[in-house]
Amino acid sequence: QVQLAESGGGLVQAGDSLRLSCAASGRTVSYYAMGWFRQAPGKEREFVAAIRWDGVNTYYTDSVKGRFTISRDNAKNTAYLLMNSLNPEDTAVYYCAAQAFGRGSVMKEDYDYWGQGTQVTVSS
């Protein structure tokens with residue numbers, strides 16, 4: 001069993017940056033792809049970014065390409081999402097997810113474990 005805990009969310013102004021962290025416990029996530037999803041009120045949970053278990057490949061949804069960067073530090077059992085140039089459209093609860101022995105996926109059903117989420121609110 002893997003437990004994931006997100007942190008780093010908050011209230012910021014448009015144009016600001018935030019770095020979200022996802023700390024894993026219970027098991028090492030060295031062989032897990034890590035992903036970030038987000039869910040705004042009244043909308044479905046959507047893919048944001050993913051990173052292969054070894055960090056070789058990364059993937060981003062079009063709306064965040066060039067602004068967000070996913071990374072991982074397996075020695076710390078932690079994944080990160082650096083969010084630059086935030087805008088109000090980025091307002092959502094952000095969830096961390098882990099995929100066992102995975103290369104990363106845009107489909108939420110491919111992930112095995114999920115965190116509780118952290119709120120990101122961007123004011124205009």
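Above this text sits the structure in question.
Owing to the predicted nature of the structure, the values given are computational and were not obtained by experimental measurement. (Residues numbered from 1 in each chain as written. Predicted model: local features only at pLDDT ≥ 70, side-chain atom pairs only at ≥ 80, totals over all residues. Heavy atoms only, no water.)

**What to know about the packing of aromatic side chains**
And step 1. Across all of its chains, the model carries 7 aromatic pairs by this definition.
And step 2. Members of the aromatic cluster, joined through ring pairs, are F37, F47, Y111 and W114.
And step 3. Directly above the aromatic system of Y95 lies the positively charged group of R45, at a separation of 3.7 Å from the ring centroid.
And step 4. Lying over the aromatic face of W114, R45 brings its terminal NZ or CZ to 4.9 Å of the ring centre. (Phe/Tyr/Trp six-rings, centres within 6.5 Å; stacked < 30°, edge-to-face > 60°. Lys NZ or Arg CZ within 6 Å of the ring centre and 35° of its normal.)

**Regarding the sheet that holds strand 3 (residues 18–25)**
And step 1. The antiparallel open sheet is built from 4 strands, whose spatial order is 1-3-8-7. In this open sheet, the two edge strands, each paired with only one partner strand, are strand 1 (3–7) and strand 7 (68–73). Pairs of neighbouring strands in the sheet enclose a mean axial angle of 15 degrees, with direction left out of account.
And step 2. Where strand 7 and strand 8 (residues 78–83) come together, 6 bridges link them in antiparallel fashion. Bridge pairing links R72 to A79 in strand 8. (Pairing = 2+ DSSP bridges. Helix = DSSP H or I, 4+ residues; strand = E, 2+ residues; numbered from the N terminus. Axes fitted to C-alpha atoms, helices over the stretch in contact; angles between N-to-C directions.)

**Some remarks on unusual backbone geometry**
And step 1. The residue N77 is not glycine, and still its phi comes out positive at about 55 degrees.
And step 2. Within the element layout of this structure, N77 appears in the loop between strand 7 and strand 8.
And step 3. Of note, the phi angle at S85 is positive, near 50 degrees, even though the residue is not glycine.
And step 4. One can find S85 in the loop between strand 8 and strand 9 (92–100).
And step 5. Judged by relative accessible area, which is 43%, S85 ranks as partly exposed. (Buried < 20%, exposed > 50% of the residue type's maximum accessible area, 1.4 Å probe, protein only.)

Nothing here speaks to function; it is all geometry.
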